[in-house]
Amino acid sequence: MTDANGVVSVEGKIVLVTGSTGGIGKETARQLAALGASVILVGRDKCRADAAVADLRHTSGNDDVTAITADMSRLRDVRRLAQEAGGRAGGVDVLINNAGATRSHREVTEDGIETAFAVNVVAPFCLTHWLMPALTASGQARVINITGGIPRGQIDLDNLQGEKSYVGLSFYNQTKLAQMAMSYRFAQELAATPVTLNVAYPGHAYTSMNKNLTVGTYPPLARPIVPLLRLAMPVVYGHRALLRATRSSVYLASSPEERKTNGAYFNSKAKPSPWPDAVLDDTTRNTIWELCEMQRDRPTTA
């Protein structure tokens with residue numbers, strides 16, 4: 001991943017990765033730090049964030065790794081994150097919205113938003129908006145939204161926040177589709193700016209999020225085989241799968257070939273792919289966009 005002069009394009013760039021104290025986000029941050037980026041980790045727990053910083057500095061050979069503690073389910077934390085990261089000199093060159101959440105039952109945040117929808121859709125929307133001055137200041141910034149789950153199916157606009165029915169993993173899939181719909185529209189909004197936005201699908205990996213899923217999070221038909229899944233997941237989707245899951249995001253963050261690519265969806269092999277049908281519906285995109293705008297513009301709690 002070098003340009004014509006043999007220089008890695010991410011070297012010396014400021015890269016912010018949410019949900020990066022473990023799992024796919026941490027491995028993505030590790031690889032970008034190894035390529036010479038100035039990496040800012042984001043996690044909810046300060047002790048875990050400090051440990052991740054120490055680990056990445058040691059394994060990447062790059063001391064320019066820091067962390068900001070923020071809970072991405074809280075808009076006040078997302079706003080503070082944007083202020084703190086955006087206030088650093090040099091702007092933000094790459095924003096990777098990686099943080100994700102799933103729940104076994106419906107929970108509502110302090111902002112009145114269903115938790116998975118808040119983290120997976122509203123947080124990346126608001127963080128990108130609030131960081132726009134810093135992204136623009138960098139000259140040619142990249143935003144990469146990490147999707148997940150199974151990127152197909154429909155988006156139920158009458159059940160966007162699980163108001164009518166809620167099955168954890170099924171709803172997680174819907175929120176990730178909703179994130180993609182939001183991202184598609186966001187990229188259109190950015191077309192005339194020096195900021196690009198693309199979506200990366202990581203594939204599957206065994207992370208703390210899926211390790212801690214309760215039986216009730218799975219669809220009813222899958223619940224009898226959950227004990228078998230728990231045995232198989234570390235084997236099938238272990239460390240090698242975790243490394244593969246960073247491929248598309250690291251590529252989009254650092255590849256000179258993609259410096260002007262905007263509004264594209266990349267699969268787990270870092271190849272452009274067609275958007276899911278649900279994402280291409282104007283009504284769906286506009287409904288999700290307007291809901292996100294409403295949350296962005298409301299006053300956050302103290």
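A brief look at the structure comes next. (Residues numbered from 1 in each chain as written. Predicted model: local features only at pLDDT ≥ 70, side-chain atom pairs only at ≥ 80, totals over all residues. Heavy atoms only, no water.)

## A closer look at the pattern of salt bridges
Link 1 in the chain: The final tally for this structure, using the stated rule, is 11 salt bridges.
Link 2 in the chain: A salt bridge links Arg80 to Asp77; the shortest N-O distance between them is 3.6 Å. Linking Arg80 with Asp77, this pair stays in helix H3 (residues 75–86), spanning three residues, or about one helical turn.
Link 3 in the chain: Since its relative accessible area comes to 31%, Arg80 is described here as partly exposed.
Link 4 in the chain: Among the salt bridges present, the one from Arg285 reaches Asp282, with a minimum N-O distance of 2.3 Å. Of the two residues, Arg285 and Asp282 both sit in helix H11 (residues 282–297), three residues apart, roughly one turn of that helix. (Salt bridge = Lys/Arg side-chain N within 4 Å of Asp/Glu carboxyl O. Helix = DSSP H or I, 4+ residues; strand = E, 2+ residues; numbered from the N terminus. Buried < 20%, exposed > 50% of the residue type's maximum accessible area, 1.4 Å probe, protein only.)

## Description of the packing of aromatic side chains
Link 1 in the chain: Tallied over the entire structure, the rule returns seven aromatic pairs.
Link 2 in the chain: For the pair Phe125 and Phe186, a centre-to-centre distance of 5.7 Å together with 55° between the ring planes defines the contact as tilted. Residue Phe125 is found in helix H4 (residues 115–130), and its partner Phe186 is found in helix H6 (residues 168–189); the two are separated by 61 residues along the sequence. Both residues of the pair, Phe125 and Phe186, count as buried.
Link 3 in the chain: Between Tyr251 and Phe266 the ring centres are 6.2 Å apart and the planes differ by 50°, which places this aromatic pair in the tilted class. Of this pair, Tyr251 sits in helix H10 (residues 247–254) while Phe266 sits in strand S7 (residues 265–266), and the two are 15 residues apart along the sequence.
Link 4 in the chain: Judged by its relative accessible area of 19%, Tyr251 is buried.
Link 5 in the chain: You can call Phe266 buried: its relative accessible area is 1%.
Link 6 in the chain: Among the aromatic residues, those joined into a cluster by ring pairs are Phe125, Phe186 and Trp289.
Link 7 in the chain: When the ring centre of Trp130 is taken as reference, the NZ or CZ atom of Arg79 above it lies at 4.1 Å. (Phe/Tyr/Trp six-rings, centres within 6.5 Å; stacked < 30°, edge-to-face > 60°. Lys NZ or Arg CZ within 6 Å of the ring centre and 35° of its normal.)

## Quick notes on the packing of H4 against H6
Link 1 in the chain: Contact geometry of H4 with H6 gives a least axis separation of 8 Å together with a crossing angle of 20°. By the angle between their axes, H4 is roughly parallel relative to H6. For the pair H4 and H6, the sense of crossing is right-handed. Where H4 approaches H6, its residues Ala116, Phe117, Asn120, Val121, Pro124, Phe125, Thr128 and His129 are matched on the opposing element by Phe171, Tyr172, Thr175, Lys176, Ala178, Gln179, Met182 and Phe186.
Link 2 in the chain: Looking at the contact of H4 with H6 residue by residue, the class counts come to 10 nonpolar, five polar and one charged. (Axes fitted to C-alpha atoms, helices over the stretch in contact; angles between N-to-C directions. Parallel < 35°, antiparallel > 145°, perpendicular 65-115°, else oblique. Left-handed = near helix turned anticlockwise from the far one by under 90°. Contact = heavy atoms within 4.5 Å. Nonpolar A, V, L, I, M, F, W, Y, C, P; charged D, E, K, R; others polar.)

## Regarding the nonpolar core
Link 1 in the chain: If you look at the biggest cluster of nonpolar residues, it comprises 55 residues, and the most contacted ones within it are Leu16, Met72, Leu131, Leu135 and Ile288.
Link 2 in the chain: If one sorts the elements of this core by residue count, H4 sits on top with 10 residues.
Link 3 in the chain: The contact partners of Leu135, leaving out residues within four places of it in the chain, are Val92, Leu95, Thr128, Ala141, Val143 and Val195.
Link 4 in the chain: Residues Ala29, Ala37, Ala52 and Ala270 belong to the second largest nonpolar core, which totals 25 residues. (Core = buried A, V, L, I, M, F, W, Y, C linked by side-chain atoms within 4.5 Å.)

## Quick notes on the state of the cysteines
Formally, a disulfide is one covalent bond, and it connects the sulfur atom of one cysteine to the sulfur atom of another.
Link 1 in the chain: For the structure shown, the criterion picks out zero disulfides.
Link 2 in the chain: No disulfide involves Cys126; its sulfur sits 6.8 Å from the nearest other cysteine sulfur, which is in Cys292. (Disulfide = S-S within 2.5 Å.)

## Structural notes on the sheet that holds S7
Link 1 in the chain: Overall, mixed pairing links the eight strands, which are arranged S3-S2-S1-S4-S5-S6-S7-S8 in an open sheet. Of all the strands in the sheet, the pair left with one neighbour each is strand S3 (65–69) and strand S8 (272–273).
Link 2 in the chain: In this sheet, strand S5 (residues 141–146) lies alongside strand S4 (residues 94–97) in parallel orientation, the contact comprising four bridges. In the strand pairing of S5, Ile96 is matched with Ile144.
Link 3 in the chain: Together, S4 and S5 form the strand contacts of H4, whose direction differs from that of S4 by roughly 165°.
Link 4 in the chain: Packing against the sheet, H10 makes contact with S4, S5, strand S6 (195–200) and S7, and its axis sits at approximately 170° to S5. (Pairing = 2+ DSSP bridges.)

## Looking at the environment of Leu280
Link 1 in the chain: As for its placement among the helices and strands, Leu280 is situated in the loop between S8 and H11.
Link 2 in the chain: Leu280 gets classed as partly exposed once you look at its relative accessible area, which sits at 40%.
Link 3 in the chain: Expressed as a C-alpha distance, the spacing of Leu280 and Met180, which sit 100 residues apart in the sequence, is 9.6 Å.

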